[in-house]
Amino acid sequence: MRSSVPLLFAAGLVTGLTAALTVPGQAQEPKAATGAPQPGSPVAEAPVPGSETRIAVLYRPVPAPSSYDAEADPEDLGVAGARMAVKDNNTTGRFTKQTFALDEVALEEGQNPVEAVKALADKGVRFFVLALPAAEVLAVSDALKDTGAVVLNAGSPDDRLRGADCRANLFHVLPSRAMQTDALAQYLTLMRWRKVFLITGPTERDKAYADAMRNSARKFGLKITAEKPWTFGPLAKARGDTPTRAEAMVFTRGLDYDMAVVADEEGDWGDYVSFRTVDPRPVAGTQGLIATTWHPTLETWGAAQAQNRFRRLAGRLMRPLDYQVWAAVRTVGEAATQTRSTDPAVLAAHLVKPEFSLPAYKGVSLTYRPWDHQLRQPIIVVQPKAMVSVAPEQGFIHQRTPLDTLGADEPETACKLR
């Protein structure tokens, strides 16, 4: 019998949004994420000699769109979060006489990230933040295995990186797909919207999201009453009307469901589904109602402060990848401050100890799971213009922490760190 299966109390079914925004059983996050250590703390009382910690961020700049796109990704996506984080690290580092510097590596098309990280490792860099796909994350982790370097994954949600393909030197800042779909499934369960119509796109990433959603449906007692592949092309990006649009409008005819869940990680067609179903039904998944790490409408727990600081720094709104890279760079800074060390072996060991905590504007201090190196964190459930809820929802309990109701629990993991 799985010890991680969450329980939903009847009281949880009638809680309002205010109650849903709290994570039960968790201490509140320290207010200041970038200020001085608390008076009387070991860090405040025992500063150490100065040292510089270099953190490399590897990413691929997003090419400018060929035509106008109001929601095109900015060229500094992700790395802008790193720039804010290194400022935060240096603010806290003043009190321990530690300094932090950033190496920004914008990979060109076709450039091998392994060659780039080896060159940096030869220069003494031991902390690497990756905003890269899963295959490249694995390649970099394996290439740095014997250097003692710590790798933080900020860009790939693939569950296999936390499962069969996990690595001892690899830590995951963003939630896995399983965590994202579990967050969505908890909300659907809370609302008693138990019948799901799953629509899956053609890419491997789409299929991976759909697999995660199926697992979450089983875990939380939802029923997938219908499944269909999307075969109408990128209608969300199409210009003008086409005969295909008329076919897509009757795509949902004759089906019985409460919520359409779309699996479209490329963003090609998922936005097209809303308001075009035969019966009036909401849409969730990768578009519509989504589960994510960050959103412009998040203002609680000091997040408004972070939103404003980021806008002043980058001249735009903070996006999820910006937040994830920020959290990765702050992980290094917090671990260095808490241990008063810059040794990557010391920091890596500290990350999975109960003593480590990362204040990250989520209402609780975040910690890493020792069995797969995944960062535990609340996940916000949002629609385009408003925050709807926060997972884990009230009533979902766990013997360790409610945060472990999201994603693979220790008895379920396929990870064997090596």
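These lines cover the structure that appears in this document, whether it is placed above or below. (Residues numbered from 1 in each chain as written. Predicted model: local features only at pLDDT ≥ 70, side-chain atom pairs only at ≥ 80, totals over all residues. Heavy atoms only, no water.)

Turning our eyes to something else, we now look at the packing of aromatic side chains. Throughout the structure, instances matching the rule amount to 15 aromatic pairs. Ring geometry for phenylalanine 171 and tyrosine 368: centres 5.6 Å apart, planes at 85°, overall edge-to-face. Residue phenylalanine 171 is found in strand β5 (residues 170–172), and its partner tyrosine 368 is found in the loop between β12 (365–366) and β13 (379–383); the two are separated by 197 residues along the sequence. Taking the relative accessible area as the measure of exposure, phenylalanine 171 reaches 1% and is therefore buried. The exposure class of tyrosine 368 is buried, given its relative accessible area of 1%. Taken together, Phe197, Trp230, Phe232, Phe251, Tyr257, Trp269 and Tyr272 form an aromatic cluster joined through their ring pairs. Seen from the ring of phenylalanine 251, lysine 228 lies directly overhead, with NZ or CZ sitting 5.0 Å from the centre. It is arginine 281 that lies over the ring of tyrosine 257; its NZ or CZ is 5.9 Å from the centre. (Phe/Tyr/Trp six-rings, centres within 6.5 Å; stacked < 30°, edge-to-face > 60°. Helix = DSSP H or I, 4+ residues; strand = E, 2+ residues; numbered from the N terminus. Buried < 20%, exposed > 50% of the residue type's maximum accessible area, 1.4 Å probe, protein only. Lys NZ or Arg CZ within 6 Å of the ring centre and 35° of its normal.)

The subject of this paragraph is helix α11 (residues 320–339). Taking 1.5 Å as the rise per residue, α11 with 20 residues should run 28 Å; its terminal C-alpha atoms sit 28 Å apart, in good agreement. By the criterion of burial, α11 is predominantly enclosed, with 17 of the 20 residues buried. Of the residues flanking the end of α11, it is arginine 340, one or two places downstream, whose phi is positive at about 55°. (Expected span 1.5 Å × (residues − 1).)

A few words now on the state of the cysteines. What is meant by a disulfide is a covalent connection between two cysteines, made through their sulfur atoms. With the rule as written, the count across this model stands at 1 disulfide. The side chain of cysteine 166 participates in a disulfide bridge whose partner is cysteine 415; the two sulfur atoms lie 2.1 Å from each other. Where cysteine 166 bonds to cysteine 415 through sulfur, the torsion about that S-S bond is close to 95°, and the disulfide is right-handed. Of this pair, cysteine 166 sits in the loop between β4 (150–153) and β5 while cysteine 415 sits in the segment after β14 (386–391), and the two are 249 residues apart along the sequence. There is no split in this pair, since cysteine 166 and cysteine 415 are both buried. (Disulfide = S-S within 2.5 Å.)

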